[in-house]
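# Topology and contacts: notes
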Amino acid sequence: MTNHGKFVVFNVYVPCGGVKTPMPEKMKFLKALSDAMDNQRQEGKHVILVGDMNLKSDKRDVQWGHRSLNVDEILYQMKQNDNGKDNESVPKWKIDLANHWNKIEQVLETKEAVPRQTTNPSTKEKFNRFKVRVKVGENHYEELGSNEDSAEEALCYYTFDEGSYVDPDTDETIVCRKKNRLCVVTLVELMHKIANVKWNVDTQRQVAEEAGLNPDHPPTQWVRGLMEGNNGMVDVFRHFYPTAEARFTVWHQFQQKRYTNEGTRIDFTLVDQPLMEHVHPNDGKTLRCGKEPHSDPLGEEAAFNAATAGGLFEGGSYGGGGISTATQRALDTQFGKSHTGMIYTPPSYSDHIAVSLLMKSTFREYTGQLTLGNDLNTKKAQPHKKQRSISSFFSASSKSSSSISSSKSTTSKSTGMKRSAPTQAEKDKEKKKSMYSFFGSNTNKTKENDGNKDTTAKAASAKAASTKDLPKKEASSKEEDEKKKSMYSFFGNSNKDTSSSSAKAASDKDMSNKKEAFSKIKESSSFDC
């Protein structure tokens, strides 16, 4: 959360749910988020909520083939209608479903997860996967779905029992999915492979019109609860574009679903109702449509063009190699007129795209002077502002210097006597010394000015060790010798005892320039970047 004076912004990633984050944990997070936002409202602040919410609020947030249908409700309708006999207004797909669902349920009782091995065509690496198999006839089996990582995951896609969980705080059993609720593409597959009834695309679209979001899904109920009432939060995208189709913010990257625009909208910008007077109204037609405008910017074709940059974005090869490099023309499609909507960043950036919120100029007058610099929560959200200066990195390398300056007075372990804290001039002197040693410079002059015998002794010991090891270094391979030469020439070390033959052969002019430059650094009291 960042505090902006009259309003706060919550920027969140909501757990995705499923096996990795069970529903009780996800709902605990969402409840804590609600409480945190309410606490800010009680302090008189308005709230903006943005981020990857990992939930849907409207059936248009899901590609039509992945909307869910309550089969039991359809069967009940058909039973009331005497299975559609002599009723021309009943769609044929409902009659098909009523005639074959019993067989589908019986066949699904035979389901099992069978191991399947897949191979990467590029690396030839093999993977152990699982797929669902059902017995359709005496000696006939059908495989359903795709290869999954585990047997449990493969089976769960074809298990349509009632789903529920126990709230750990209240011990209440909460139903999150009614029995026999499944998505359109799954129903189409079952009708084809088990009932031998194949629905064309037009029929599938009719089924999708009857389908929608699972109304019992707790996260969906939560976000709808936020937006209830006149003082609820507003989903600004859906507010301005209530009929926009196929506008998604994330696609399955591995399955390359972006290039067919089969995605979901789970990235939101929600604002408290009072802030809506400061949101720019747009014109209802400013949604991005790819490389060129579209006659129907709210339709599916325009959304497909936006997601794929009019076909300019291309997926990667299944043989490996990653996502294809986009052309400059394709990359430029992410830019356009400022608006409240979506910014279709390239697939190589992320499997998500950005969402945007455009405010009126009056918003500046409303917010006044921002208080970001004084707010503790805001500071915690900006760790980059804790970064120290470059010069502090050099002085921090000396632990003895930092320990001396950490307190006003320190006690010597050997004598038990207290020493006064070093002055600022002494601190600067220690800082400059460690900096010079980092660059590998000749520190004789510095040592002469320094009265610390312990430091001089350490330096002498290091020099003696270096001289002792010199024969070994000279006996090293030719390649290592060349590395030494380049290293000494980089640091500009003029020490005759340790410099390589290449450093000795450096021109007087070049060495003079280096000495002159380094003398200017010595004269400087600090290093600024």
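These figures come from a predicted structure and were not determined experimentally.

So, how was this worked out
Residues numbered from 1 in each chain as written. Predicted model: local features only at pLDDT ≥ 70, side-chain atom pairs only at ≥ 80, totals over all residues. Heavy atoms only, no water. Helix = DSSP H or I, 4+ residues; strand = E, 2+ residues; numbered from the N terminus. Expected span 1.5 Å × (residues − 1). Buried < 20%, exposed > 50% of the residue type's maximum accessible area, 1.4 Å probe, protein only. Contact = heavy atoms within 4.5 Å. pLDDT = per-residue confidence, 0-100. Core = buried A, V, L, I, M, F, W, Y, C linked by side-chain atoms within 4.5 Å. Pairing = 2+ DSSP bridges. Axes fitted to C-alpha atoms, helices over the stretch in contact; angles between N-to-C directions.

### Description of helix H3 (residues 92-108)
Taking 1.5 Å of rise per residue, the 17 residues of H3 would be expected to cover 24 Å, and the 23 Å separating its terminal C-alpha atoms lies within 8% of that figure. Regarding H3, the residues found buried are Trp93, Lys94, Asp96, Leu97, Trp101, Ile104, Val107 and Leu108.

### Concerning the side chain of Thr345
Within the secondary structure layout, Thr345 lies in the loop between strand E15 (341-343) and strand E16 (354-356). Taking relative accessible area as the criterion, Thr345 reaches 14% and is therefore assigned buried. Setting aside its immediate chain neighbours within four residues, Thr345 contacts Arg258, Gln334, His352, Ile353 and Ala354.

### Topic: the confidence of the model for the protein
For the protein, mean pLDDT is 80; residues scoring 70 or higher make up 70% of the total. Mean pLDDT in the protein bottoms out at strand E17 (residues 409-411), which sits at 43, and peaks at helix H5 (residues 184-193), which reaches 98. In this model, residues 441-453 is a region of pLDDT below 50 whose contacts with residues beyond four sequence positions or in other chains number 13 contacts. The low-confidence segment residues 524-529 (pLDDT under 50) makes six contacts with residues lying over four places distant or belonging to another chain.

### Some thoughts on the nonpolar core
Within the largest apolar cluster, 31 residues are counted, with the highest numbers of intra-cluster contacts made by Leu97, Leu108, Leu187, Leu190, Met191 and Trp199. Elements represented by at least two residues in this core include exactly helix H2 (71-80), H3, strand E6 (126-135), H5 and helix H6 (201-210). Take this core: its biggest share by element is six residues, from H3. Look past the residues within four positions of Leu108 in its chain and what remains in contact with it is Val134, Leu144, Tyr158, Phe160 and Leu190. Listed in part, the 28 residues of the second largest apolar core include Phe7, Ala244, Val279 and Met342.

### Some points on the pairing of strand E2 (residues 7-13)
Burial analysis of E2 places five of its seven residues in the buried class, the great majority of the element. Hairpin connection, strand E1 (residues 2-3) to E2: the antiparallel pair is bridged by three residues, and Gly5 has positive phi, about 90 degrees. Taken together, the seven bridges between E2 and strand E3 (residues 46-52) define a ladder with parallel strand orientation. Across the sheet, residue Val8 finds its bridge partner in E3, namely Val47.

### Looking at the environment of Phe29
Relative to the helices and strands, Phe29 is located in helix H1 (residues 23-42). Apart from residues no more than four positions distant in its own chain, Phe29 is found in contact with Tyr13, Val14 and Pro15.

### So, the sheet that holds strand E7 (residues 141-148)
Taken together, the three strands give an open sheet; going across it, the order is E5-E6-E7, and neighbouring strands pair in antiparallel fashion. The strands lining the two open edges of the sheet, one partner per strand, are strand E5 (112-119) and E7. Taken pair by pair, the neighbouring strands of this sheet meet at an average axis angle of 35 degrees, ignoring direction. Judged from the five bridges that link them, E6 and E7 form a sheet pairing that is antiparallel. Each bridged residue has a counterpart across the sheet, and for Val134 the counterpart in E7 is Glu142.

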